[in-house]
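Residues per chain, in single letters:
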Amino acid sequence: APYGYSTVTVCMIGGGGGGDYGSQYVQGGGAGQVRSFSALITEGGSYSIVIGAGGLGGIYTNGVHVRYASAGGQTSAFSSTSSGGSAGGQTGNGGTRTNCYGSFKDGTATLPWGYGGIAGFGNGGNAGIIGGNGGWGAGGGSGAVSDNNCAGGDGGKGLVKITWS
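Residues numbered from 1 in each chain as written. Predicted model: local features only at pLDDT ≥ 70, side-chain atom pairs only at ≥ 80, totals over all residues. Heavy atoms only, no water.

1. Considering the overall build of the chain
Next up, step 1: Of the regular secondary structure elements, the chain holds zero helices and 13 strands.
Next up, step 2: Secondary structure elements of the chain, listed N to C terminal, follow the sequence β-β-β-β-β-β-β-β-β-β-β-β-β.
Next up, step 3: The C-alpha radius of gyration of the chain comes to 17 Å, within 12% of the 15 Å expected for a compact globule of 165 residues.
Next up, step 4: The 165 residues of the chain split such that 44% are buried.
Next up, step 5: Within the chain, contacts between residues separated by at least 24 positions form 59% of all contacts whose residues are at least 6 apart in sequence.
Next up, step 6: Accessible surface, the chain: about 7400 Å² in total, of which carbon and sulfur atoms supply 49%.
Next up, step 7: The chain carries 6 positive and 5 negative side-chain charges, and their two centres are separated by 7 Å. (Helix = DSSP H or I, 4+ residues; strand = E, 2+ residues; numbered from the N terminus. Rg over C-alpha atoms; globule rule 2.2 N^0.38 Å. Buried < 20%, exposed > 50% of the residue type's maximum accessible area, 1.4 Å probe, protein only. Contact = heavy atoms within 4.5 Å. Areas by Shrake-Rupley, 256 points an atom, 1.4 Å probe, with all protein chains shown as cover. Lys, Arg positive; Asp, Glu negative; His and termini not counted. Charge placed at Lys NZ, Arg CZ, Asp CG, Glu CD.)

Listed below in structure tokens is the structure:
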């Protein structure tokens with residue numbers, strides 16, 4: 001920690017989950033958990049920060065399940081953790097979500113095929129044959145089957161915003 005400061009204010013998010021794939025009403029990835037807090041620090045002290053990875057979107061190619069969607073990774077800083085977002089299971093439809101980092105939109109749905117990812121510290125991925133990737137900590141959009149080929153979008157990496165005082 002820098003000298004001359006005694007408090008840190010943290011705004012952080014876990015990694016976003018990957019979007020699922022399928023034929024109809026496929027679901028997007030979840031956003032990482034958001035945490036906002038202040039903590040006392042020691043001047044010159046050393047602190048570990050771990051940024052959660054974004055989950056990977058599911059892939060379906062030539063009628064074969066190549067990869068299932070995965071959850072986002074956990075972010076940790078200053079003895080606190082934010083869990084990663086879920087792999088699929090979310091129904092983003094373009095709504096706005098506000099958190100300690102700003103306001104962002106869920107990915108858009110393309111019904112009856114699929115839903116977008118949930119917003120984090122960036123917009124959620126949109127649904128499509130190839131689902132869009134999520135922004136920081138946001139979920140990936142779902143992928144809808146087209147000629148036996150589709151893929152969900154990847155979730156965004158976690159993020160930690162630090163303010164010293």
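Next comes the rest of the account.
2. Overview of the sheet that holds strand S4 (residues 49-50)
Next up, step 1: Overall, antiparallel pairing links the three strands, which are arranged S4-S7-S8 in an open sheet. In this open sheet, the two strands that pair with only one neighbour each are S4 and strand S8 (80-82).
Next up, step 2: The pairing of S4 with strand S7 (residues 75-77) spans two bridges and is antiparallel. Along S7, the bridge assignment pairs Ile49 with Ala77. (Pairing = 2+ DSSP bridges.)

3. As for the nonpolar core
Next up, step 1: Counting residues in hydrophobic clusters, the biggest one holds eight residues: Val8, Val10, Met12, Phe37, Ile41, Ala77, Phe78 and Val160.
Next up, step 2: Sorting elements by how many residues they give to this core places strand S1 (residues 7-13) first, with three residues.
Next up, step 3: Beyond its immediate stretch of four places on either side in the chain, Phe78 contacts Val8, Val10, Phe37, Ile41, Tyr47, Ser48, Ile49, Ile162 and Trp164. (Core = buried A, V, L, I, M, F, W, Y, C linked by side-chain atoms within 4.5 Å.)

4. Description of the sheet that holds strand S6 (residues 64-67)
Next up, step 1: The strand order S6-S5-S12 describes an open sheet built from three strands, whose pairing is antiparallel. With partners counted over all chains shown, the strands left at the sheet margins are S6 and strand S12 (150-151), one partner each.
Next up, step 2: As judged from the three bridges shared by strand S5 (residues 59-61) and S6, these two strands associate in the antiparallel manner. The residue bridging Ile59 from the neighbouring strand is Arg67, located in S6.

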